[in-house]
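For reference, the chains in residue letters:
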Amino acid sequence: MFSLGGHRTKLCLSVAVLLLIEGYLGLDQDVDIVGDRCTRFIISAMLRDNSVFVDGGVQLFRDNETTWLGFSKYIFEIDMSRSWDTNTNFTERKIGRFGNSSMGANPPNMVRGGLFRGPANDKKLYTFGGSTFLANNSDPDWQPPSSDHYSLWSYDTSLMTWGQYDVTYAVPRRPNWGATAEAIRLGLGFILNGQVDRGSSYVLYTMSEYVGGKLSNATNNQTTYLGGMIIIDLLTQTARNVSTDTLGAPRVAGGLVHTQRFGKTENGTLVAFGGMRSRGERNTTFTNGILIDFTSISLCDTFNEDNVTWFNQLTSGEPPPPRIDFCVLPGPKSAKDNSSHNFYIYGGYDPTQSIMYDDVYILSLPSFTWTKAYSGTKPRFGHTCHTAGKRQMMSVGGSLDASMYAVETSGQLPNLSTVACDQKEGVVLFDLSALTWGSFFDAYAPQYQVPKSVVDVIGGSGDGGATVTQPVGGFVHAAISTMFYPSPTINSPTITPAIKHHHESNAGYIAGGVIGGVVGLAIVMGLAVYILRRKSGKDHYQCSPPQELTGESLPKELATKPPFQELPAEMRQAVELPAGA
């Protein structure tokens with residue numbers, strides 16, 4: 001924390017900061033930000049250490065007979081340091097979104113943006129991209145889309161200060177609705193494809209279109225898809241934009257997961273699936289794209305190389321119907337022996353048919369099989385999913401009404417009084433092994449086991465031992481097989497010299513044999529001493545077994561090696577601070 005010197009100066013600075021916070025929030029004191037919240041959706045969220053942070057998005061408020069639509073003015077923190085139940089002792093802490101006055105700007109309140117936890121020892125959260133909420137500009141704190149100059153922002157959770165970074169050299173236009181993932185150990189954030197629209201581009205927002213001499217709003221819901229994948233180095237706050245030509249046409253609202261459980265190097269692999277791509281028409285909108293089915297998925301383990309290549313692999317089993325705005329568990333849950341790695345997706349929306357989904361599907365690798373794990377009657381879209389302890393998935397937010405799709409940009413609002421409200425703060429827990437939903441977060445739950453419905457397909461047991469270890473029909477490309485079964489290191493072959501037949505004296509060979517024997521004996525004795533010392537050292541310094549990070553990016557481990565052991569359960573609860581905290 002910087003100091004301007006003197007107790008009086010520090011006091012004045014503190015008062016000024018408090019006034020800044022109060023002025024920026026500009027909230028009606030009669031509004032209960034949490035209690036009056038009906039739903040929140042199109043949010044950004046992620047798990048860091050013992051907290052899940054929820055940022056941005058759209059919020060529907062309802063107070064008695066009044067319902068109105070707004071945007072989030074806070075970052076909400078859900079404490080995961082102990083068990084809680086959404087019916088009894090669940091609360092949230094709120095953090096005001098305000099910046100340093102020296103920046104001349106406040107961090108934008110975005111929807112469909114990205115949120116990254118940053119490297120393991122970093123105390124900052126990073127927000128990237130997103131689109132401005134355009135559905136209600138009557139709020140005194142609402143601001144139109146700003147310049148595309150700053151797409152990357154950070155919030156220091158220790159100092160409670162914001163920072164901004166210019167990455168226009170790699171990201172000339174602020175994107176939104178791209179699939180995001182994070183490689184925590186590498187300090188990298190990924191944004192796959194995405195789009196620009198009126199809410200994310202200052203240029204598009206300020207453009208006017210006239211039809212027949214009259215101002216037209218026909219282009220308000222038009223979008224432009226973006227190719228490429230943005231890779232942000234969160235250690236240096238720099239970015240690069242790499243080609244995704246080998247992936248196919250640009251997509252939006254899909255799923256992206258990074259895992260270090262497999263890949264040809266310790267950098268791990270990116271796995272992409274689902275979403276929507278452009279139909280190639282002159283005008284692209286929120287509803288006229290082509291949904292990407294789940295009968296194939298895409299993998300990339302070369303994202304840190306100059307030549308970034310994606311490979312598509314066919315899947316089998318029972319794939320989910322095509323959809324967008326579903327949530328995906330940020331990292332796979334692996335069997336104890338790493339014989340299977342299981343990816344979970346939940347919910348979503350089909351804008352081409354206006355169908356919402358309440359289901360959970362599991363993609364198991366390396367068999368590349370889909371299994372339907374759950375089907376219910378309370379669909380949602382625009383929510384997020386997070387690892388919760390050892391064997392649970394926490395879902396946050398989501399819209400319960402298809403009529404709310406894309407209203408944040410198009411401004412075409414339905415009758416808000418008929419929109420259903422979420423229960424239990426929009427937070428629910430899914431047991432990844434038992435495949436059941438509940439309201440209780442169990443910080444002391446037992447270890448994850450592969451669900452029986454998945455075991456029935458890939459073989460083995462809940463602890464592992466999968467017998468189906470490759471896709472039906474085999475791997476499409478050798479590079480995909482190498483991700484799971486790297487080629488063993490091949491030592492250089494021993495070259496035996498040709499035997500020469502001659503009649504020279506054998507004295508030299510005898511002398512060489514004696515010397516070689518002495519040298520060999522010395523080597524054997526040296527190895528014996530080394531082994532004894534190593535054994536003695538182990539009696540005093542036992543190495544602890546590998547442990548799982550509390551984040552959502554896990555280390556790679558071959559199936560033939562000992563299984564990982566997880567740290568004590570991550571736990572959660574939250575306390576709400578006074579407004580402006």
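What counts and what doesn't
Residues numbered from 1 in each chain as written. Predicted model: local features only at pLDDT ≥ 70, side-chain atom pairs only at ≥ 80, totals over all residues. Heavy atoms only, no water. Pairing = 2+ DSSP bridges. Helix = DSSP H or I, 4+ residues; strand = E, 2+ residues; numbered from the N terminus. Disulfide = S-S within 2.5 Å. Buried < 20%, exposed > 50% of the residue type's maximum accessible area, 1.4 Å probe, protein only. Lys, Arg positive; Asp, Glu negative; His and termini not counted. Salt bridge = Lys/Arg side-chain N within 4 Å of Asp/Glu carboxyl O. Phe/Tyr/Trp six-rings, centres within 6.5 Å; stacked < 30°, edge-to-face > 60°. Lys NZ or Arg CZ within 6 Å of the ring centre and 35° of its normal. Contact = heavy atoms within 4.5 Å. Core = buried A, V, L, I, M, F, W, Y, C linked by side-chain atoms within 4.5 Å.

Another aspect to go through is the sheet that holds strand β28 (residues 290-291). Strand order in the open sheet formed by three strands is β23-β26-β28, with antiparallel pairing between adjacent strands. A single partner strand is all that each edge strand has here, and the edge strands are β23 (251-252) and β28.

In spatial order, the strands read β17-β20-β27; together these three strands make up an open sheet with antiparallel pairing. The open sheet has two edge strands, β17 (195-196) and β27 (284-285), and neither has a second partner.

Structurally, the position occupied by Gly376 is in the loop between β36 (369-375) and β37 (384-388). Once the C-alpha coordinates of Gly376 and Asp359 are considered, the two residues, 17 residues apart in sequence, prove to be 6.1 Å apart.

Within the structure shown, the criterion is met by two disulfides. Each bonded cysteine of the protein chain is numbered by sequence order, and under that numbering the disulfide pairs are 1-4, 2-3.

By the element assignment, Asp325 lies in the loop between β31 (316-317) and β32 (327-328). Buried Asp325, no salt bridge; nearest opposite-charge side chain is Arg112, N-O distance 7.1 Å.

A word on the packing of aromatic side chains. Scanning all chains against the criterion turns up 27 aromatic pairs. Ring geometry for Tyr346 versus Trp437: centroids 4.7 Å apart, planes at 50°, classification tilted. Placement of the pair is Tyr346 in strand β34 (residues 341-350) and Trp437 in strand β40 (residues 436-438), with a sequence separation of 91 residues. What makes Trp437 partly exposed here is its relative accessible area of 24%. Within the aromatic cluster, the residues linked to one another by ring pairs are Trp177, Phe286, Tyr349, Phe381 and Tyr405. Across from the ring centre of Tyr74, 5.0 Å away, lies the NZ or CZ of Lys94, which sits over that ring.

Checked against the element boundaries, Asp233 lands in strand β21 (residues 229-233). Looking at Asp233, the relative accessible area reads 24%, which means it is partly exposed. Taking the C-alpha atoms as reference points, Asp233 and Gly118, separated by 115 residues in sequence, lie 9.1 Å from one another. With near-sequence residues (within four places) excluded, Asp233 lies in contact with Gly187, Leu188 and Thr238.

Here the focus is the pattern of salt bridges. Per the stated rule, a full pass over the model turns up 15 salt bridges. The shortest N-O distance in the salt bridge between Glu425 and Arg37 comes to 3.4 Å. Placement of Glu425 in the loop between α3 (407-410) and β39 (427-431) and of Arg37 in strand β1 (residues 37-41) is noted, with a sequence separation of 388 residues between them. Accessibility expressed as a relative area gives 31% for Glu425, which makes it partly exposed. The exposure class of Arg37 is buried, given its relative accessible area of 11%. Close ionic contact of Asp49 with Arg48 constitutes a salt bridge, the shortest N to O distance being 3.9 Å. For Asp49, a relative accessible area of 32% translates into the label partly exposed.

It is worth spelling out the nonpolar core at this point. Ranked by size, the top nonpolar core spans 21 residues in total, and within it Phe273, Ile297, Leu299 and Phe484 carry the most contacts. Contributions of two or more residues to this core are made by β25 (269-273), β29 (296-300), β34, β35 (355-365) and α5 (478-484). Aside from chain neighbours lying at most four places away, what touches Leu299 is Phe262, Thr269, Leu270, Val271, Thr309, Trp310, Phe311, Gln313, Phe368, Ile480, Met483 and Phe484. The next biggest cluster of nonpolar side chains, apart from the first, holds 20 residues, and it includes Val54, Ala388, Val427 and Ala443.

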